[in-house]
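One letter stands for each residue in the lines below.
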Amino acid sequence: MSLPSTEVQDPGAREGAGILESRLTGLGREEFARDVWGRTASLTRGASGFADVFSPSAVDELISRRGLRTPFLRVAKDGATLPSSSFTAPAGVGATVADQLDDTALWRAFADGATLVLQALHRTWEPVADLVSGLSAELGHPVQANAYVTPPQNRGFDAHYDVHDVFVLQIEGAKRWVIHEPVLPDPLRDQPWTDHRAAVADRAAHGTPHLDTMLRPGDVLYLPRGWLHSAQAQGEVSIHLTLGVHAWTRYALAEQLTRAALAALGDDPAMRRSLPLAEEESNGTDTVLDLVRERLLAAVAEADPAPLFHRARRSQARPAPLGPVAQLAALSGLTTTSPVRLRKALEPRLEGTRLHTRVGHLDFPASDLVPVARLLDGRVRTAGDLGLALAGRLLRAGVLVPADR
């Protein structure tokens, strides 16, 4: 079966384009949304060079010098995950936390054929964090990043599917990928592949692959959630990044809509009444059920899920990093000419006189609403434009940052 495939001829010619187009697929967001997103696997040859994002030296530094702890790393061999106790240990005087990565143990496991999985790299490696933040903003869905470091001729995991979409970025070496169509299209987060283990194994063993190909440095593979995949390194170490897109679904929106409706029903005295006693149950239950169904449908029709939806969205990721020392220096040295801007990735939402963000909410007097609203465009302002008192309050709250950060 054919697979949508793109070869990027000149990545540099697309400067100013979004991350999807300039680094991952060669497609603009509208074209990607129309033809690929959530529909089919897609392979892009030579999408970009990724040396500025991740590299073998980054792997070595993270494992040996950063003091990482579990669960920032998993180790897999022959399709199974090894216990963390086999590759963690205390780090000596002054760093006796027992679950820090043991680089010697990890080297031995790697030399013996184990795959190293560096998890949540958007929290531990700044270039990956920047890529993930930009992609998440572009897609409108939360994104995470893992790296898979596989020794020659080895595989990390059996054929499986993920409950999130993925972009696979080949960083180093070559890896053979075998892709099959889903046994459960568009699985939700509580529908993992292990619930369909037999069907997955049968499809992988006996089904015709949708794609059987070799990924080399610069190639990008996109897989919607539910697509089966397995991968095996070839004659050298393979490193790839997986950007996992935790897509918001219609089901998630329905959850928020239902919660909003139930919250409204809690304010309805008739809905708070007790059900009939046992001897009345046969005569009264049908009538009560009809009443509840009627009130529930009416509540769903009138409910506004937006506040709950945005609250859930804000909880799925973190704002841009904030250094307390630099922030204090900015607050202490604040003048009317100090350039400031809204902290990135806050997911701000102004509702009436309240500003909701990933670091909490703030209430404002009516006189501050105009300058606060102007901040939401992300442009650089001066503290004098906002008013020193307001700028100071927002800096202290971690909502505003100096414009050079």
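Quick note: structure is the one above.
Residues numbered from 1 in each chain as written. Predicted model: local features only at pLDDT ≥ 70, side-chain atom pairs only at ≥ 80, totals over all residues. Heavy atoms only, no water.

**Section: the overall build of the chain**
Rules: Only DSSP runs of H or I reaching four residues or more are called helices, and only runs of E reaching two or more are called strands; each is numbered from the N terminus. Residue contacts are counted whenever heavy atoms from the two residues lie within 4.5 Å of one another. Each accessible area is a Shrake-Rupley result for a 1.4 Å probe, and residues are judged covered by the shown protein chains and nothing else. Charged-residue counts in this description rest on Lys and Arg as positive and Asp and Glu as negative, His and the chain ends being excluded. Charge placement uses NZ in Lys and CZ in Arg. For Asp and Glu, CG and CD serve respectively.
A count of helical and extended segments in the chain gives 13 helices and 20 strands. Projected onto the principal axes, the alpha-carbon positions of the chain cover approximately 70 × 70 × 50 Å. Considering only residue pairs separated by 6 or more positions, the chain has 80% of its internal contacts joining residues 24 or more positions apart. Here the chain has roughly 21000 Å² of accessible surface; of this, 52% comes from carbon and sulfur atoms. Of the charged side chains in the chain, 43 are positive and 48 negative; the average position of the first set lies 5 Å away from that of the second.

**Some remarks on the environment of V245**
The condition that has to hold: Each residue's exposure class comes from its accessible area (1.4 Å probe, protein chains only) as a fraction of the maximum for that residue type: buried when under 20%, exposed when over 50%, partly exposed otherwise.
Its place among the elements puts V245 in strand β14 (residues 238-245). On the basis of relative accessible area, V245 is assigned to the buried category, the value being 0%. Considered as a pair, V245 and V75 are 170 residues apart in the sequence and their alpha carbons are 22 Å apart. Ignoring anything within four residues of it in the chain, the contact list for V245 reads W37, L139, H141, P142, V143, H164, D165 and F167.

**Some words on the sheet that holds strand β18 (residues 360-363)**
Hydrogen bonds between backbone groups are what pair the strands of a sheet, and the pairing can be parallel or antiparallel. How we decide: By this definition, two strands are paired if DSSP reports at least two bridges between them. Throughout, an axis means a line fitted to C-alpha atoms (over the contacting stretch in the case of helices), and angles, computed between N-to-C directions, take values from 0 to 180 degrees.
If you walk across this open sheet you meet the three strands as β16-β17-β18, and the pairing is antiparallel. Single-partner strands in this sheet number two, and they are β16 (349-351) and β18. Each adjacent strand pair in this sheet contributes to an overall mean axis angle of 20 degrees, direction not counted. In the packing of helix α9 (residues 306-315) onto the sheet, contacts are made with β16 and β17 (354-357), and the angle to β16 comes to roughly 150 degrees.

**Some details on the sheet that holds strand β15 (residues 339-342)**
Judged by pairing direction, the sheet is antiparallel, and its three strands sit side by side in the order β19-β15-β20 without closing on themselves. Only two strands of the sheet have a single neighbouring strand rather than two, namely β19 (381-382) and β20 (400-402). Judged from the three bridges that link them, β15 and β20 form a sheet pairing that is antiparallel. The partner of V340 across the bridge, within β20, is P402.

**Quick notes on unusual backbone geometry**
Here the residue pair T70 and P71 is connected by a cis peptide bond, since its omega of 10 degrees sits within 30 degrees of zero. Counting through the fold element by element, P71 comes out in the loop between α3 (56-65) and β3 (73-77). Even without being a glycine, D186 presents a positive backbone phi close to 50 degrees. Along the chain, the position of D186 falls in the loop between β10 (175-180) and α6 (197-206). You will see that A345, though not glycine, has its phi angle at about 60 degrees, which is positive.

**Regarding the packing of helix α10 (residues 324-332) against helix α13 (residues 388-396)**
As a reminder, the rule being used: Working definition: roughly parallel below 35 degrees, roughly antiparallel above 145 degrees, roughly perpendicular at 65 to 115 degrees, and oblique for all remaining angles. Amino acids are sorted into nonpolar (Ala, Val, Leu, Ile, Met, Phe, Trp, Tyr, Cys and Pro), charged (Asp, Glu, Lys and Arg) and polar (every other residue, Gly among them).
Running from amino to carboxyl end, α10 crosses α13 at an angle of 170 degrees, the nearest separation of the two axes being 10 Å. In terms of orientation, α10 lies roughly antiparallel with respect to α13. Residues Q327, A330 and L331 of α10 form the contact with α13, whose own contacting residues are G392, L395 and R396. Residues belonging to the contact of α10 with α13 are distributed by class as follows: three nonpolar, two polar and one charged.

**Description of the packing of aromatic side chains**
Quick reminder of the rule: Aromatic rings from Phe, Tyr and Trp, with only the six-membered ring used for Trp, were paired whenever their centres fell within 6.5 Å, and each pair was classed as stacked if the ring planes differed by under 30 degrees, edge-to-face if by over 60, and tilted otherwise.
Counted according to the given criterion, the structure contains eight aromatic pairs. Note on F32 and Y222: the rings are 5.2 Å apart at their centroids and 75 degrees apart in plane angle, and the pair reads as edge-to-face. Here F32, found in helix α2 (residues 29-35), pairs with Y222, found in strand β12 (residues 220-223); they are 190 residues apart in sequence, far enough to count as distant. Judged by relative accessible area, which is 2%, F32 ranks as buried.

**Some remarks on the pattern of salt bridges**
The criterion, for reference: Salt bridges are identified by distance alone: a Lys or Arg side-chain nitrogen within 4 Å of an Asp or Glu carboxyl oxygen.
One pass over the structure, following the stated rule, counts 14 salt bridges. A salt bridge links R176 to D212; the shortest N-O distance between them is 2.7 Å. With a gap of 36 residues between them, R176 in strand β10 and D212 in strand β11 (residues 211-215) connect regions that are remote in the sequence. Looking at D212, the relative accessible area reads 41%, which means it is partly exposed. Each of D377, R379 and R381 takes part in one network of salt bridges that share partners.

**Quick word on the pairing of strand β8 (residues 143-150)**
For β8, a buried count of seven out of eight residues is recorded, marking the element as mostly surrounded by other parts of the structure. Taken together, the three bridges between strand β7 (residues 115-118) and β8 define a ladder with antiparallel strand orientation. What sits directly across from V117, in β8, is Y148. Judged from the eight bridges that link them, β8 and β14 form a sheet pairing that is antiparallel. The partner of T150 across the bridge, within β14, is S238.

**Quick look at the nonpolar core**
In globular proteins that are soluble, nonpolar side chains generally tend to be buried together. Heads up, the condition is: Among the buried residues, those of types Ala, Val, Leu, Ile, Met, Phe, Trp, Tyr and Cys that are joined through side-chain atoms within 4.5 Å form a nonpolar core.
Membership of the largest hydrophobic core comes to 46 residues, with the highest contact counts inside it found for F54, L118, L121, F167 and L169. Residue contributions to this core peak at five residues, all from helix α5 (residues 126-139). Excluding residues that lie within four positions of it along the chain, L169 makes contacts with L24, F50, L131, D219, V220, I239, H240, L241 and L243. Judged by nonpolar contacts, the second largest core, of 17 residues, contains L334, F364, A383 and A391.

**Here we look at the environment of R29**
How we decide: Pairs of N or O atoms within 3.5 Å make up the polar contacts considered here, provided that, within protein, one atom can donate a hydrogen while the other can accept it, and that residues adjacent in sequence are counted only when both atoms are side-chain atoms.
Mapped onto the fold, R29 is located in helix α2. Separated by 91 residues in sequence, R29 and A120 place their C-alpha atoms 25 Å apart. In this view, R29 contacts L20 and E138; residues no more than four positions away in its chain are not counted. Within the local environment of R29, its side chain forms a polar contact with the backbone oxygen of E138, the two atoms lying 2.7 Å apart.

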